[in-house]
Amino acid sequence: MGAHEEILKLRQRMGRDIIGQEQVVERLLLALLCNGNVLMEGLPGLAKTRAVKGLAKNLEAEFSRIQFTPDLLPSDITGSEMYLGEGSEERFVFQPGPIFANIVLADEVNRAPAKVQAALLEAMEERQVTVAGKTHKMPDLFIVMATQNPIEQEGTYPLPEAQMDRFLLHVYIDYGTEEAEAQVIRLVRGEEGPSRTTTDEAPVLQQIIFDARREINAVQVSESIEKYMVDLVFASRYPERYDEKLASWINVGASPRGAIGLDKCARAHAWLNGRD
């Protein structure tokens, strides 16, 4: 079975765990296929954490969850040097932190102070951390999926606008339909009951993700679509050329990183749907 079929099966399995949030499932897969990071925002209880856990469960990947709190330190994320004693050949050894995983859930990222956020954002952008003058690389498959709660502002540290572009996608999670709500109740009831069943489906191998990324890189993009993407980006930079009302809504336009992200996501979305 090819990479495309395996990824479609992964999307189907995730959809069974995260009912009524098909767009969220698709956005998580897009970020994974584009080797990007995701910021998920939504009210409490809308399955933000469950969505990330569902992705990790269906992948042959190491999962790490970091609960962000105001008293968190950067070393709590990156790890630190441990002193082994005078008699050891190596006096210090690096103890990796929870950031060294394939899928990292940064839960309620806006509850941690700026220094902790900076440590996370460095790992996201550079794919490495530096501790005591030594550089430590992230795994080949590495993605950060951060969540934040939009309704509580007291005791939170909102992410600076200049650092928001470390995330490829900003996903908003909203309420599902009445039918989906009933399905969620039945799903959780079944998980908690004695008749809970497990599937024998094997998780998607990491190699499948790398194969899919290679296929996405080969997706053709026409010149007209390239021009359309550039026009969208430039409309955000010079909105007054198009509409005065639009200009009043925009403070800063998209960067070249935004244009690159748009191209990556467009190719991945086309690949998921079997086209160029």
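All values derive from a computational prediction rather than experimental measurement.

Rules and cut-offs
Residues numbered from 1 in each chain as written. Predicted model: local features only at pLDDT ≥ 70, side-chain atom pairs only at ≥ 80, totals over all residues. Heavy atoms only, no water. Core = buried A, V, L, I, M, F, W, Y, C linked by side-chain atoms within 4.5 Å. Buried < 20%, exposed > 50% of the residue type's maximum accessible area, 1.4 Å probe, protein only. Helix = DSSP H or I, 4+ residues; strand = E, 2+ residues; numbered from the N terminus. Contact = heavy atoms within 4.5 Å. Pairing = 2+ DSSP bridges. Axes fitted to C-alpha atoms, helices over the stretch in contact; angles between N-to-C directions. 1 Å grid on protein atoms, 1.4 Å probe; cavity = no way out; pocket = protein on both sides within 12 Å on 5 of 7 lines; lining within 4 Å. Points joined across faces, edges and corners; volume = space filled by probe spheres on them. Nonpolar A, V, L, I, M, F, W, Y, C, P; charged D, E, K, R; others polar. Salt bridge = Lys/Arg side-chain N within 4 Å of Asp/Glu carboxyl O. Phe/Tyr/Trp six-rings, centres within 6.5 Å; stacked < 30°, edge-to-face > 60°. Lys NZ or Arg CZ within 6 Å of the ring centre and 35° of its normal.

Asker: Talk me through the nonpolar core; I want residue IDs and the actual numbers.
Answerer: With 40 residues, the main nonpolar core has Leu55 and Trp271 as its most contacted residues. Looking at this core element by element, the count peaks at eight residues for helix H2 (residues 22–33). Not counting the four nearest positions on each side in its chain, Trp271 is found in contact with Ala3, His4, Ile7, Leu33, Ala212, Glu215, Ile216 and Val219. Among the nonpolar cores identified, the runner-up in size contains 27 residues, and Leu72, Ala106, Phe142 and Phe167 belong to it.

Asker: Please set out the sheet that holds strand S8 (residues 143–148) residue by residue, giving values where relevant.
Answerer: Read from one edge to the other, the open sheet built from five strands follows the order S2-S5-S8-S1-S9, with strand pairing classed as parallel. Unpaired on one side and paired on the other, strand S2 (63–67) and strand S9 (169–173) mark the two borders of the sheet. Neighbour to neighbour, the strand axes of the sheet diverge by 20 degrees on average, direction disregarded.

Asker: Got a sec to walk through the pairing of strand S7 (residues 134–137)? Specific residues and values, please.
Answerer: Bridge count between strand S6 (residues 128–131) and S7: four bridges; the pairing is antiparallel. Considered in S7, the bridge of Val131 is made with Lys134. The turn linking S6 back onto S7 is made up of two residues, and Ala132 within it adopts a positive phi angle of 55 degrees.

Asker: Go over the layout of surface pockets with me, naming the residues and quoting the values.
Answerer: The calculated volume of the largest pocket comes to roughly 1,400 Å³. For the lining of the largest pocket, the elements supplying multiple residues, two or more each, are H2, helix H5 (114–126), S9, helix H8 (223–237) and helix H10 (256–272). No other element matches H10, which puts nine residues into the lining of the largest pocket. Taken together, the residues that form the lining of the largest pocket break down as 22 nonpolar, 11 polar and nine charged.

Asker: Outline the environment of Thr156, listing residues and values.
Answerer: Positionally, Thr156 belongs in the loop between S8 and S9. Residues Thr156 and Glu181 lie 25 residues apart in sequence; the distance between their C-alpha atoms is 30 Å. In this structure, Thr156 is in contact with Asn110 and Arg111, ignoring residues within four places of it in sequence.

Asker: Help me get a handle on the pattern of salt bridges, residues and values and all.
Answerer: Taken as a whole and judged by the stated rule, the model has 11 salt bridges. Arg65 is the partner of Asp107 in a salt bridge, and the nearest nitrogen-oxygen pair spans 2.7 Å. On the criterion of sequence distance, the pair formed by Asp107 in strand S5 (residues 103–107) and Arg65 in strand S2 is long-range, its members being 42 residues apart. Judged by its relative accessible area of 40%, Arg65 is partly exposed. Among the charged side chains, a network of salt bridges with common partners joins Glu125, Asp165, Arg166 and Arg257.

Asker: So, the packing of aromatic side chains: which residues are in play, and what are the values?
Answerer: Considering all chains together, one arrives at two aromatic pairs under this definition. Measuring from ring centre to ring centre gives 5.7 Å for Phe94 and Phe100, while their planes differ by 75 degrees; the resulting arrangement is edge-to-face. Here Phe100 falls in the buried class, since its relative accessible area comes to 17%. Ring plane angle 35 degrees and centroid distance 5.9 Å describe the contact between Phe234 and Tyr238, whose orientation is recorded as tilted. The ring of Phe234 has Arg237 sitting right over it, with the charged end atom 4.8 Å from the ring centre. Its guanidinium or amino end placed over the ring of Tyr238, Arg241 lies 4.2 Å from that ring's centre, counting from NZ or CZ.

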